Amino acid sequence: MSNIVDPLVRQIATRVRTERERRRWTLARLADASGVSQAMISRIERGESSPTAVVLGKLSAAFQLSVASLLALAEAEADTEAVREDVGEGTGTGVRRGADVPEWRDPGTGYRRRQITGPHFPAEVAEIRLPAGAHVPYPAAAFAFVRQIVWVLDGHLTFHDGDTVHELDAGDTIELGEPSERAFANTTDTECRYAVVLARDTRP
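Calculation criteria
Residues numbered from 1 in each chain as written. Predicted model: local features only at pLDDT ≥ 70, side-chain atom pairs only at ≥ 80, totals over all residues. Heavy atoms only, no water. Helix = DSSP H or I, 4+ residues; strand = E, 2+ residues; numbered from the N terminus. Buried < 20%, exposed > 50% of the residue type's maximum accessible area, 1.4 Å probe, protein only. Polar contact = N/O pair within 3.5 Å; in protein donor to acceptor, adjacent residues only side chain to side chain. Contact = heavy atoms within 4.5 Å. Salt bridge = Lys/Arg side-chain N within 4 Å of Asp/Glu carboxyl O. pLDDT = per-residue confidence, 0-100. Axes fitted to C-alpha atoms, helices over the stretch in contact; angles between N-to-C directions. Parallel < 35°, antiparallel > 145°, perpendicular 65-115°, else oblique. Left-handed = near helix turned anticlockwise from the far one by under 90°. Nonpolar A, V, L, I, M, F, W, Y, C, P; charged D, E, K, R; others polar.

Undergrad: I keep staring at the side chain of Thr158 and nothing clicks. Help me out?
TA: Looking at the element boundaries, Thr158 is found in strand β8 (residues 156-161). Residue class for Thr158 comes out buried when judged on its relative accessible area of 4%. Looking at Thr158, its side chain comes within polar contact range of the side chain of Glu167, at 2.8 Å. If sequence neighbours within four positions are ignored, Thr158 has contacts with Val165, His166, Glu167, Ala183, Phe184, Ala185 and Thr187.

Following this line, the structure appears as structure tokens:
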């Protein structure tokens, strides 16, 4: 697994630094906007620390990006060599082999995320595996500027949407509305697998 995850850690480091510098923010400015310490951000940008899903949620909220978008941007860079162009008669088809697609693992919860769509597809689709007992909260700003559907594929997902709690089983979907604090929780003793389908409303 390390040969898949390590490049992603490096690309996440690059992406966080790129997003900060694109806004001409100092480490102190990002720390203030996100609530993540300067020391932690510095370690992440140097690739010395793999951020948890909660930390990524805070950073993406500060950038006005979804966590899915922040990770997708990093995965697109790490995944470039894994995408093969099958060109024939003027038509290009991007083939992404399952075994070659980068997988990101949250060091805090064991949450695993795999990007299904490539970097040029107009929507973002990701497969998530949430371990038994895991609870991953995100701030409201992490859901700004996006339309998002969560589709439970296997297991049971307890989804907190602000003050409302939804109990979702395999086959259930939920289309998210206006941004609010949200959390993905697995209160069972077996893994939950779900897909996130995301489209951007307005680029900040």
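Undergrad: Which parts of the structure should I look at to understand the pattern of salt bridges?
TA: Side chains bearing opposite charge may pair, as long as their charged atoms lie close to each other. With the rule as written, the count across this model stands at 14 salt bridges. When the shortest N-O distance is used, the salt bridge between Arg193 and Glu127 registers 2.9 Å. Residue Arg193 is found in strand β12 (residues 192-200), and its partner Glu127 is found in strand β5 (residues 124-130); the two are separated by 66 residues along the sequence. You can call Glu127 buried: its relative accessible area is 11%. Of the charged contacts in the structure, one is a salt bridge between Arg182 and Asp161, with a shortest N-O distance of 2.9 Å. Of this pair, Arg182 sits in strand β11 (residues 182-185) while Asp161 sits in strand β8, and the two are 21 residues apart along the sequence. Residue Arg182 is classed as buried on the basis of its relative accessible area, which comes to 3%. Shared partners join several salt bridges into a network, and the residues in it are Glu103, Arg112, Arg114, Glu127, Arg129, Asp154, Glu191 and Arg193.

Undergrad: Looking at this structure, I do not really get the confidence of the model for the protein. What am I missing?
TA: Low pLDDT marks regions whose predicted coordinates should not be analysed in detail. Summary statistics for the protein give a mean pLDDT of 84 and a share of 85% for residues scoring 70 or more. In this model residues 1-5 is a low-confidence stretch, pLDDT under 50, and it forms eight contacts with partners more than four residues away in sequence or in other chains. Here residues 81-91 is a poorly scored stretch, pLDDT under 50, and it has 15 contacts once near neighbours within four places are set aside; other chains count.

Undergrad: Would you mind showing me how to read the packing of helix α2 (residues 27-34) against helix α3 (residues 38-45) here?
TA: Pairs of packed helices are described in terms of their axes, by the angle between the two and the distance that separates them. Running from N to C, α2 and α3 point in directions that differ by 115°, and their axes come no closer than 9 Å. Between α2 and α3, the angle falls in the class roughly perpendicular. In terms of crossing hand, the pair formed by α2 and α3 is right-handed. Contacts from Leu27, Ala28, Leu30, Ala31 and Ser34 in α2 reach Gln38, Ile41, Ser42 and Glu45 in α3. Split by residue class, the contact of α2 with α3 holds five nonpolar, three polar and one charged.

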